[in-house]
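So you can see what is in the structure, the chains are spelled out below.
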Amino acid sequence: MYQSIAWYATLFFVFLIGLAFAFVYGESRKLKEYASIQEKGYKIRKFYFLALVAIMGFATSLSLSRLPYHAQHALAESTGKVVDVKGVQFAWELSDENFTVGEPVEFRVTSKDVTHGFGLYDSDLELIGQTQAMPKYTNVLSVTFDKPGTYKIMCLEYCSTGHHVMIKDIVVKPKGGN
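Within each chain, residues carry numbers counting from 1 in the order of the written sequence. Under the rules for a predicted model, residues below a pLDDT of 70 receive no local features and side-chain atom pairs below 80 are neither given nor counted, while totals for whole chains, interfaces and linings still include all residues. By convention in this description, side-chain values take in all heavy atoms of the structure and omit both hydrogens and water.

Below, the discussion takes up the overall build of the protein. Per the secondary structure count, the protein includes three helices and nine strands. Relative to the compact-globule value of 16 Å for 178 residues, the protein shows a C-alpha radius of gyration of 28 Å, a clear excess of over 25%. In terms of overall dimensions, the protein has a C-alpha envelope of 80 × 40 × 35 Å along the principal axes. The buried share of the protein, reckoned over its 178 residues, is 26%. Note on contacts: a residue pair is in contact if any heavy atoms of the two residues lie within 4.5 Å. Restricting to contacts in the protein with at least 6 residues of sequence separation, those with at least 24 account for 63%. Carbon and sulfur atoms form 62% of the exposed surface of the protein, whose accessible area is close to 12600 Å². Taking the 18 positively charged and 17 negatively charged side chains of the protein as two groups, their mean positions are separated by 11 Å. For the purposes of this entry, the term helix denotes a DSSP run of H or I that reaches at least four residues, the term strand denotes a run of E that reaches at least two, and both are numbered from the N terminus. Here the globule rule is a power law, 2.2 Å times the number of residues to the power 0.38, and the radius of gyration is based on C-alpha atoms. Only protein chains enter the calculation, and the probe is 1.4 Å; a residue is then buried if its accessible area is under 20% of its type maximum, exposed if over 50%, and partly exposed in between. To measure how exposed things are, a 1.4 Å probe is used in the Shrake-Rupley method; for residues, cover is taken only from the protein chains shown. Asp and Glu are treated as the negative residues and Lys and Arg as the positive ones, with His and the ends of the chain left uncounted. One atom stands in for each charge, and that atom is NZ of Lys, CZ of Arg, CG of Asp or CD of Glu.

Should the sulfur atoms of two cysteines be covalently bonded, the bond is a disulfide. Throughout, a disulfide means two cysteine sulfur atoms within 2.5 Å of one another. Summed over all chains, the structure comprises zero disulfides. Note on Cys159: no disulfide assigned, nearest cysteine sulfur contributed by Cys155 at a separation of 3.9 Å.

To continue, consider the pattern of salt bridges. Any Lys or Arg side-chain nitrogen found within 4 Å of a carboxyl oxygen on Asp or Glu counts as a salt bridge. On inspection of all chains with the given rule, the structure shows nine salt bridges. Here Asp122 ties to Lys147 by a salt bridge, and the two come within 3.8 Å at their closest N and O atoms. In this pair, Asp122 is assigned in the loop between β5 (116-121) and β6 (127-133) and Lys147 in the loop between β7 (139-144) and β8 (149-155), connecting sequence segments 25 residues apart. Taking relative accessible area as the criterion, Asp122 reaches 8% and is therefore assigned buried. Look at Lys147 and you get partly exposed, because its relative accessible area is 29%. A salt bridge links Asp124 to Lys147, with the shortest nitrogen-to-oxygen separation between them at 3.4 Å. Taken together, the residues span a long stretch of sequence, with Asp124 in the loop between β5 and β6 and Lys147 in the loop between β7 and β8 at a distance of 23 residues. Under the relative-accessibility criterion, Asp124 is labelled exposed at 52%. The network of salt bridges with shared partners includes Lys81, Asp96 and Glu103.

By themselves, these are just geometric observations and shouldn't be taken as functional.
This is the structure we're talking about:
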């Protein structure tokens, strides 16, 4: 049934496009004063351009506001904890695994072997930050954990047959250490 509806809708719209082309062709055969047509066309073009800019600006702001990176995660202070992270097939090695809510953490991410994707997920498995882990290069990801729980570090870049097991759990404790 849906295929039939799609087929008839397609035929209808193809017919409308054909009518539009036929109209344009028919109008182009008539001799008219070009200057008035050109002026009208420029006004229409200006309107469509401004409408397109407004629509695309709105769509861009709407889609960017839905990114999983929250401002408090991106604004971790440089005075916080520094954690060296090394990706190696098929594990993550961290220099420190003790984290507390509200403490700014700067992950310095690199790799010992191949390129990995360092993805940090909260307890609801929502991505809160990510960067590339590349050999002989260090990327920095600043995060301030805003709630306690078990967070996961997962590889986001296919790194070979054991890629799917490259997961590390880290525990973020509430302030006070309980």
